[in-house]
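Below are the chains, spelled out letter by letter.
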Amino acid sequence: MASISKSNPLEEDDDAEEEVQHFDDFTLASSWERFISDIEATCRQWLADGPKNLVEKGAVAVEDSKNLFTVKHELKNVAKSYCMEFYFQIENNGSQQAGIGNWNSNSHDLQLCFGVKDFLLIAPQSASGVLLDTPESSKLLSAVAIALSNCGSLWPAFVPVHDPSRKAYIGIQNMGTVFTRRFEADRIGSQVPVKLMHLEGLYELFVSKFVYSGVDFSMHNFKVHFMMRLTYQTFPYDEEDEEIDMDELMDDKADTAENYGSESRNKVLWDDDCPWSEWYSAEDPLRGFELVVTWADRTVESTLEMAELENASPHDAEKWILHPILSPYLGDPSHGKRIDFASQLLCLVEALDTSFAAQFMEDFVSVENPSSENLKTSVVIPPPSVLDRVIKDLFREGSKLPDFTKGEHRLSRALKAAPLESLFTQFCLHSLWFGNCNIRAIAFLWIEFVREVRWCWEETQPLPKMPIDGPIDLSTCLINQKLHLLAICIEKKREMNEEFLDCIGSDDSSDASVSVEEHRKVDKRRNTSSEADLQRKRDSSIAEDTSNRLRFERKTERTNSVNQSPTDAIRRGSAGPVGTMMLLKSRQQLHAPFTQDPPLMTEDMHEERLQAVEAFGDSLNVPGQLEKDILLSDMSAFKAANPDAVFEDFIRWHSPGDWESFEPKTTEPSAGPSTEGSKDEWPPRGRLSQRMSDQGNLWRKSWNDAPALPADDQKPLLDPNREGEKIVHYLETVRPHQLLEQMVCTAFRGSADTLNQTNFGNMRQMTSKLEQLYLIIKSTLGALQRNNLPDKEKTVKDLKRLCMVFENVEKLVAVAASIHRKFLDASRLAQVIFSDFYGIYAPTMGMSSNDEENKKSRTEMEVSRQEVSLRERQVVSNLFSPPSANQSWRKVLSMGNLLNGHEPILREIIFSTGDDVNNGIHYAAAADVAATSDRKGEEIETHRMYVSGTSNDLRVGLSVTSCD
């Protein structure tokens, strides 16, 4: 058995087959001897299997530990039943004493207390699981020691004793020679002696274990190895404060505006300057930080040195380890009340599913509608005061237009929605927080929104958050296009009214014979006539050309004043000559006119135009009134700029493809005006195309009917009154599901663009994840861009899955923003922490919250600990802000080593001392060394004491090595 005792019991081998088989006679054995034999047989089996085979056979991993496993075996004695547990680690490259210098926080409690690696734990199968009888515990421990000695194992064995709250143990270990280690641990849960709160008292307590009791410690020095680890933690977030904040967030965002002046709203939140703070306040995903400060092994000789160590700054420690503490809501979606974009977008999707039940938005608020009755019991409508505040916020006039590219991602335009700062996007984002975004609340808000839009139209007030010029962006949603066109119509309507009133004023001032009574009639008519009357008057004055108002005339540019002929003097609205082209009849230079811009059209107007073209076939027949009006406008402007022009001249300028020339085209325009201007080659040889030469051609008929009017004097192609009324009518009668479909698209883009404004530093994972989010949104929302949903249920289901994806990305953005803000001057540490979190969280993003296994894996997410460099220590230290007055109650009696006013929440100390096995003190030890010369000069740890706790809690684990 000697060879077995010298072998390493943790290595896998086949020595069990080489053991000498012997016969055990149990006929005279007692029950206690059978109990010892049962322990020995179990231990032999575990030794033979080895750690790896035990794992394959079903060993259970210890919670909160990556490499510690356990196997169990039930033992039965005459009086009691016991459970024997074997704890072992997979790694086999350390010694049996590997736990001494290992401060791994995931280690088992007994590993920390006694510095062991693999061990046995035997406890009775009772409610308490401890042995309250001292003789019984000693007898049980002796039985285990005998069994381990018989099978040649060096495993330490422990037995729990006393009250469970004391976490007390006794244990024993055979060291393989003549040495034996005995273990004892106990805990003081309250009323810790003041002396033991400080390092001097703990030092004297350890020294008293190997020095005679009568020695004065202050007069003698004792060399002791000392290691210390202090754990600091930022103040936790109050649960009461969390409940109050979440209750406030459940109220409408606009409703909280009246509370901003109160004292309760003066608290600065962590995300006050984050882009989403306008809509909601998110819980900080980093609930706090845990900092572990370690003083490496050093030798102390007196209590004076211990006092100096207690007053030392944590910055003097050799090692800092930072551990971010994540908020539970990151792993468990059902934790607490969740208020963010994803949760509200889900409510909007549910409102979309409900919107198909009615024809108009008014049906959801009407008392007579049966579908409205069904909603009354399940939805909440904010009070009128909240509605008024939302409308005021939406229609608040600003000094300048917002930046419509703000927050825009390069993939934003791929989504058929409105820009972030536009009026419709702001309406959609407000609706997310209005009455918890139910269909009834949305209907109330939309009706009031349209009523306000109509007021702006009728009172000729500018539409806020919308441009008043520029082309209509057809890549946006239809409602945004309509609002843009309405804003342009309002501006044109205002300009027309101002021009008409100025015209009337000039007429009145020029006619001196008009009586005062007639002036009063004009003023009365001006105030009482509708805007439609004003428009008709202006149109009639333009058509009849009898008004004396001043018109703006564009001056002809690039006109040769020397060669100006009498014909040139009556040109109107010329933009300048067109190269060397000459009029066919008068041989004057052909001038290009200023023409009216094509009328602005929304997407549905373009579709109507295309449908009309398809219905009539050949576009030459000009089936639509709009095309005819544009053609007449261009012809009138051309005639005004070229009074002597003929139909062929217009075709040569407007549609060169319909002029068939019989002469070669010149490649150099600068070759001189002799091409068309020389008498020998005049008139230029050519003719109209076949389609322009046909009898009854509509173009020639239009040319004959077109008056010679410059663009400024023509009737505008866009009738703002007609188009404005059509737009307001569309907004008032839009189908609920069509409105909700556009709202869903716009709300998703607006929420994504808001998150895209977040500053999270150089975290490439977030840049990539946001880009993926936009692509997923584009793919999912594609079905909503069709006129009719092919499968409503499938679309709604896909949108709900999209909300889950959005929730995951939103959490990632919050984590990235929180880490970046806290580590602005420690970018390396921020990147490492986020990369570690991303590696843990990203694989769970596609998991369903209903899956119990997936839910468990997400709930147990924990970021690994990161070592802090010397340059980064000040940044980490700033995370521990000094305690405020409200936190003064948290303070306890100081243990020293304060970090910005924070005392450690846990102090762990290891005292140890050793002795040379060859010092001749112990006879048995000297004899063993003489037999084993290779151990000469080896120091063995004779005493080790582990101290853990605070000023209100103290736990001590002592191990003593002796020669029995």
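Just so it is clear, the structure is predicted and the values come from calculations on it, not from any experiment.

Novice: Any chance you could break down the overall build of the protein chain for me, citing the residues and the numbers?
Specialist: The number of helices and strands found in the protein chain is 29 helices and 18 strands. Taking all 964 residues of the protein chain together, the buried fraction comes to 48%. By sequence separation, contacts in the protein chain at least 24 residues apart represent 73% of the contacts at least 6 residues apart. Roughly 48600 Å² of accessible area belongs to the protein chain as shown, and the carbon and sulfur atoms make up 50% of that amount.

Novice: Please give an account of the side chain of Gln 111 that cites residues and values.
Specialist: Secondary-structure assignment places Gln 111 in helix α3 (residues 109–114). Separated by 3.0 Å, the side chains of Gln 111 and Gln 89 make a polar contact.

Novice: Mind laying out the pattern of salt bridges, listing which residues take part and the relevant values?
Specialist: Per the counting criterion, the structure on display carries 43 salt bridges. Across the salt bridge formed by Arg 229 and Glu 908, the nearest N and O atoms sit 2.6 Å from each other. With Arg 229 in strand β8 (residues 224–233) and Glu 908 in strand β16 (residues 906–916), this pair connects stretches of sequence that are 679 residues apart. Side by side, Arg 229 and Glu 908 carry an identical accessibility label, which is buried.

Novice: Residues and numbers for the nonpolar core, please.
Specialist: Formed by 157 residues in total, the largest nonpolar core has its most connected members in Phe 424, Trp 446, Leu 463 and Phe 823. Examining the composition of this core, we find that 13 residues originate from one element, helix α25 (residues 792–822), more than from any other. Excluding residues that lie within four positions of it along the chain, Trp 446 makes contacts with Met 361, Phe 424, Phe 427, Ile 479, Leu 731, Val 734 and Leu 739. In this structure, Ile 122, Leu 148, Ala 157 and Val 159 belong to the second largest nonpolar core, which totals 32 residues.

Novice: Any chance you could break down helix α10 (residues 384–394) for me, citing the residues and the numbers?
Specialist: Within α10, the full set of buried residues consists of Val 386, Leu 387, Val 390, Ile 391 and Leu 394. Seen end-on, α10 carries its buried residues on one side only, within an arc spanning 135 degrees. Residues of α10 that are buried sit in contact with α11 (423–432) and α12 (439–458).

Novice: Just give me the short version of the packing of α11 against α12, but keep the residues and values in it.
Specialist: Following both chains from N to C, one finds α11 and α12 inclined at 150 degrees, their axes separated by 10 Å at the closest point. By the criterion of interaxial angle, the relationship of α11 to α12 is roughly antiparallel. Crossing handedness for the pair α11 and α12: right-handed. Residues Leu 423, Phe 424, Phe 427 and Ser 431 of α11 form the contact with α12, whose own contacting residues are Ile 442, Leu 445, Trp 446 and Phe 449.

Novice: Outline α12, supporting the account with residue identities and numerical values.
Specialist: The end-to-end C-alpha distance of α12, which contains 20 residues, comes to 28 Å, matching closely the 28 Å that a straight helix rising 1.5 Å per residue would cover. Across the 20 residues of α12, 15 count as buried, placing the element largely inside the fold. Thr 460 lies just past α12 and shows a positive phi near 55 degrees.

Novice: Kindly report on the packing of aromatic side chains, identifying the contributing residues and their values.
Specialist: All told, the structure shown has 33 aromatic pairs when counted by the stated rule. Centre to centre, the rings of Tyr 280 and Phe 341 are 5.3 Å apart; their planes meet at 85 degrees, and the pair counts as edge-to-face. Of the two residues, Tyr 280 is situated in the loop between α6 (239–250) and β9 (286–300) and Phe 341 in helix α8 (residues 341–354); the sequence distance between them amounts to 61 residues. For the pair Tyr 280 and Phe 341, one class covers both residues: buried. Relative to Trp 433, the ring of Phe 341 has its centre 6.1 Å away and its plane inclined at 55 degrees; by these criteria the two rings are tilted. Here Phe 341 is found in helix α8, whereas its partner Trp 433 is found in the loop between α11 and α12, with 92 residues between them in sequence.

Novice: Run through the environment of Glu 350, naming residues and quoting values.
Specialist: Here Glu 350 lies in helix α8. Between the alpha carbons of Glu 350 and Leu 799 there is a distance of 9.5 Å; along the sequence they are 449 residues apart.

Novice: Give me the environment of Ser 422: which residues, what numbers.
Specialist: Tracing the sequence through the fold places Ser 422 in the loop between α10 and α11. For the pair Ser 422 and His 484, spaced 62 residues apart in sequence, the C-alpha to C-alpha distance is 9.4 Å. Ignoring sequence-local partners within four residues, the contact set of Ser 422 consists of Phe 404, Lys 465, Met 466 and Asn 480. A polar contact is formed between the side chain of Ser 422 and the backbone oxygen of Pro 419, at a distance of 2.7 Å. Within the structure, Ser 422 has its side chain in polar contact with the side chain of Thr 425 (distance 3.1 Å).

Novice: Tell me about the environment of Trp 270, residues and numbers included.
Specialist: Structurally, Trp 270 can be placed in the loop between α6 and β9. The class for Trp 270 is buried, based on a relative accessible area of 15%. Sequence spacing of Trp 270 and Ser 818 is 548 residues, and the spatial spacing of their C-alpha atoms is 8.0 Å. If near-sequence neighbours (up to four positions away) are discounted, Trp 270 is found in contact with Trp 276, Ala 282, Glu 283, Asp 284, Pro 285, Ala 814, Ala 817, Ser 818 and Arg 821. In this structure the side chain of Trp 270 is engaged in a polar contact, spanning 2.7 Å, whose partner is the backbone oxygen of Ala 282.

Novice: Report on the pairing of strand β4 (residues 119–124), specifying residues and quantitative values.
Specialist: Burial of β4 is extensive: 6 of the 6 residues sit out of reach of the surface. With burial as the criterion, each face of β4 is covered, one bearing Phe 119, Leu 121 and Ala 123 and the other bearing Leu 120, Ile 122 and Pro 124. In terms of strand pairing, β4 meets strand β5 (residues 157–161) through 2 bridges, oriented parallel. Its bridge partner lying in β5, Leu 120 is registered against Ala 157.

Novice: Can you explain the packing of helix α23 (residues 736–756) against α25? Please cite residues and give values.
Specialist: At their nearest, the axes of α23 and α25 sit 11 Å apart, and the two run at 15 degrees to each other. Between α23 and α25, the interaxial angle falls into the category roughly parallel. Of the two elements, α23 crosses α25, and the hand of that crossing is left-handed. Where α23 approaches α25, its residues Val 744, Phe 748, Ser 751, Ala 752 and Leu 755 are matched on the opposing element by Leu 799, Leu 802, Cys 803, Phe 806, Glu 810 and Val 813. Of the residues that constitute the contact of α23 with α25, the class distribution is 9 nonpolar, 1 polar and 1 charged.

Novice: Mind laying out the state of the cysteines, listing which residues take part and the relevant values?
Specialist: Taken as a whole and assessed by the stated rule, the structure comprises 0 disulfides. For Cys 437, which is in no disulfide, the shortest distance to another cysteine sulfur is to Cys 347 and amounts to 6.0 Å. Note on Cys 437: relative accessible area 1%, which makes it buried.

Novice: Now, about the pairing of strand β11 (residues 574–582): what can you tell me, with residues and values included?
Specialist: Relative to strand β12 (residues 589–593), β11 is paired through 3 bridges, and the arrangement is antiparallel. For Ser 574, the partnering residue across the bridge sits in β12 and is Pro 593. Between β11 and β12, which follow one another and run antiparallel, lie 6 residues, and Arg 587 among them has a positive phi close to 55 degrees.

Novice: Can you break down unusual backbone geometry residue by residue, with the values?
Specialist: As a rule of thumb, non-glycine residues mostly have phi less than zero, and peptide bonds are mostly trans rather than cis. Despite not being glycine, Gln 191 shows a phi value in the positive range, around 55 degrees. Tracing the backbone through its elements, the reader meets Gln 191 in the loop between β7 (179–188) and α5 (199–207). Gln 191 gets classed as exposed once you look at its relative accessible area, which sits at 76%. Not every positive phi belongs to a glycine, and Lys 465 is a case in point at roughly 60 degrees. For Lys 465, the position within the fold is in the loop between α12 and α13 (478–510).

Novice: Talk me through the confidence of the model for the protein chain; I want residue IDs and the actual numbers.
Specialist: Mean pLDDT over the protein chain works out to 78, with 73% of the residues at or above the 70 mark. In the model, residues 618–623 has pLDDT below 50 throughout and makes 13 contacts with residues more than four positions away in sequence or in other chains. Note on residues 920–936: pLDDT under 50 across the span, and 17 contacts to partners over four residues away in sequence or across chains.

Conventions we followed
- Residues numbered from 1 in each chain as written.
- Predicted model: local features only at pLDDT ≥ 70, side-chain atom pairs only at ≥ 80, totals over all residues.
- Heavy atoms only, no water.
- Helix = DSSP H or I, 4+ residues; strand = E, 2+ residues; numbered from the N terminus.
- Buried < 20%, exposed > 50% of the residue type's maximum accessible area, 1.4 Å probe, protein only.
- Contact = heavy atoms within 4.5 Å.
- Areas by Shrake-Rupley, 256 points an atom, 1.4 Å probe, with all protein chains shown as cover.
- Polar contact = N/O pair within 3.5 Å; in protein donor to acceptor, adjacent residues only side chain to side chain.
- Salt bridge = Lys/Arg side-chain N within 4 Å of Asp/Glu carboxyl O.
- Core = buried A, V, L, I, M, F, W, Y, C linked by side-chain atoms within 4.5 Å.
- Arc of directions from axis to C-beta.
- Axes fitted to C-alpha atoms, helices over the stretch in contact; angles between N-to-C directions.
- Parallel < 35°, antiparallel > 145°, perpendicular 65-115°, else oblique.
- Left-handed = near helix turned anticlockwise from the far one by under 90°.
- Expected span 1.5 Å × (residues − 1).
- Phe/Tyr/Trp six-rings, centres within 6.5 Å; stacked < 30°, edge-to-face > 60°.
- Pairing = 2+ DSSP bridges.
- Nonpolar A, V, L, I, M, F, W, Y, C, P; charged D, E, K, R; others polar.
- Disulfide = S-S within 2.5 Å.
- pLDDT = per-residue confidence, 0-100.

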